[in-house]
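A look at the structure
Chain by chain, the residues:
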Amino acid sequence: MSNTQRSEPRLKEMFADDFLIGAAVNPRTIETQEELLSYHFNSITAENEMKFVSVHPAEDTYTFEDADRLAAFARKHGMKMRGHTLVWHNQTTDWLFEDKNGNMVDKATLYARLKSHTDTVVKRYKGDIYAWDVVNEVIADEGAELLRPSKWLDIAGPEFISKAFEYAHEADPSALLFYNDYNESHPNKRDKIHTLVKLLLDQGTPIHGIGLQAHWNLYDPALDDIRSAIEKYASLGLQLQLTELDVSMFRFDDKRKDLTEAPEELLEAQAKRYEGMFGILREYRDHITSVTFWGAADDYTWLDHFPVRGRKNWPFLFDERHQPKPAFHRLVERTVKV
Ligand code: GLA
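Model, not experiment: these values are computed from the prediction.

A word on the site of the ligand. All residues in the neighbourhood of the ligand are listed as Lys 51, His 84, Trp 88, Gln 91, Asn 136, Glu 137, Gln 213, His 215, Glu 244, Trp 294 and Trp 302. In this structure, an oxygen atom belonging to the ligand sits 2.5 Å away from a side-chain N or O atom of His 84. A distance of 3.3 Å separates an oxygen atom of the ligand from a polar side-chain atom of Trp 294. Contact with the protein chains covers 88% of the free accessible surface of the ligand, which is 300 Å². For the shell around the ligand, the per-class residue count stands at 3 nonpolar, 5 polar and 3 charged.

Structure representation (structure tokens):
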């Protein structure tokens, strides 16, 4: 897209003493955004290509072509790679939970399938992937219930969570294993995530980190809540990574659809927001080892279709032409030593 010679400071160098700087990518963006990605980022995550449904559509069929291309991209550019994701309630195939007649399988069958899937996928990317999101989003959003309803829970009970970590650890003992979730800075969910991870640690589960998805917006969560969440998770002695950072221009329940380009005052608000967020992240650099954006530039973001289909959003540090936005310049002013 852009053939301009870049002269701005590189994100990965600005934060070299703090944490890795990552981006979610897919087979299209590693082409359309290659120049931007290789200049600024030193870590990638597959946006969808390593999810269960993508790599293992039928019991005897694995489809690794897209995932392999992303791993090759990381190798080509000397980037680290995070693995995403092994156990989730979404984008997981039905066959995993069913027998040939469409009845629910028993726990032993589910575990045997999970073990086989984990062995195959994790071992394939040993050496390429240094950290896996082993379990994604099992905490219930609302209420006092700890876990969200899922087929995993119906069939196996809560123990499927520790099993997933054990299998991942057996498949690659050197990989760092993460629990990953969203709304991670909201106090109620934060406390539940903390409870779950503490239970896992107390029972000796091989878990090494907590992934804060960080799908944030201009208004939420409050910086104080972000700080409290980081402190609470860090108190468990695990490393923390921001795994899916984006800063939407809209509140979650704002369904407006009238903006075709980002107004200057929102770009300025976003610059302030990024400044505040990265100020906190740098304070906690002893605990935070990576900050991955869920994309790289505003020409491609899942937020164009969520929660409002077809509404343009501008969540990143780079615009639709891959050029630095006010938020990027603000981080430079606050970060680069002169
Ligand atoms: C969650 C998942 C990601 C991705 C986003 C939306 O946060 O963890 O894999 O699907 O939703 O794009």
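A few words now on the packing of helix H11 (residues 264–283) against helix H12 (residues 326–335). Where H11 meets H12, the closest approach of the two axes is 8 Å, and the angle between their N-to-C directions is 40 degrees. By the angle class used here, H11 and H12 are oblique. Read as a crossing pair, H11 and H12 show a hand that is right-handed. Residues Leu 267, Glu 268, Gln 270, Ala 271, Lys 272, Tyr 274, Glu 275, Phe 278 and Arg 282 of H11 touch H12, and the partners they reach there are Pro 326, Ala 327, Arg 330, Leu 331, Arg 334 and Thr 335.

This part takes up the pairing of strand E4 (residues 129–136). As a general feature of sheets, a regular strand has side chains that alternate between the two faces. Among the 8 residues in E4, 8 count as buried, and that is most of the element. As paired strands, strand E3 (residues 80–87) and E4 are joined by 5 bridges and run parallel to one another. Paired with Val 87 across the two strands is Val 135, which belongs to E4. For the crossover from E3 across helix H6 (residues 107–124) to E4, the handedness is right-handed. The sheet contact formed by E4 and strand E5 (residues 176–181) spans 5 bridges and is parallel.

Turning our eyes to something else, we now look at the nonpolar core. In terms of nonpolar packing, the biggest core is built from 103 residues, with Phe 41, Trp 132, Tyr 179, Leu 245, Tyr 274 and Phe 278 touching the most fellow members. Here this core gets 8 residues from one element, more than from any other, and that element is H11. Setting aside chain neighbours within four positions, we find Phe 41 in contact with Leu 11, Lys 12, Ile 21, Gly 22, Ala 23, Leu 36, Met 79, Phe 293, Ala 296 and Phe 318.

Between H6 and helix H8 (residues 160–171), the least distance of the axes is 9 Å, while the angle of their chain directions is 35 degrees. Like other packed secondary-structure pairs, H6 and H8 cross with a definite hand, here right-handed. Seen from H6, the contacting residues are Tyr 111, Leu 114, Lys 115, Thr 118, Asp 119, Val 122 and Lys 123; seen from H8, they are Phe 160, Lys 163, Ala 164, Tyr 167, Ala 168, Glu 170 and Ala 171. Broken down by class, the residue content of the contact of H6 with H8 amounts to 8 nonpolar, 1 polar and 5 charged.

Right, let's get into the pattern of salt bridges. One pass over the structure, following the stated rule, counts 32 salt bridges. Linking Asp 254 and Arg 256 is a salt bridge whose minimum nitrogen-to-oxygen distance equals 2.9 Å. Bridged by salt links that share partners, the residues Glu 268, Lys 272, Glu 275, Arg 330, Glu 333 and Arg 334 form one connected network.

What counts, and at which threshold
Residues numbered from 1 in each chain as written. Predicted model: local features only at pLDDT ≥ 70, side-chain atom pairs only at ≥ 80, totals over all residues. Heavy atoms only, no water. Near = heavy atom within 4 Å. Polar contact = N/O pair within 3.5 Å; in protein donor to acceptor, adjacent residues only side chain to side chain. Areas by Shrake-Rupley, 256 points an atom, 1.4 Å probe, with all protein chains shown as cover. Nonpolar A, V, L, I, M, F, W, Y, C, P; charged D, E, K, R; others polar. Axes fitted to C-alpha atoms, helices over the stretch in contact; angles between N-to-C directions. Helix = DSSP H or I, 4+ residues; strand = E, 2+ residues; numbered from the N terminus. Parallel < 35°, antiparallel > 145°, perpendicular 65-115°, else oblique. Left-handed = near helix turned anticlockwise from the far one by under 90°. Contact = heavy atoms within 4.5 Å. Buried < 20%, exposed > 50% of the residue type's maximum accessible area, 1.4 Å probe, protein only. Pairing = 2+ DSSP bridges. Right-handed = clockwise from strand over helix to strand, strands pointing away. Core = buried A, V, L, I, M, F, W, Y, C linked by side-chain atoms within 4.5 Å. Salt bridge = Lys/Arg side-chain N within 4 Å of Asp/Glu carboxyl O.

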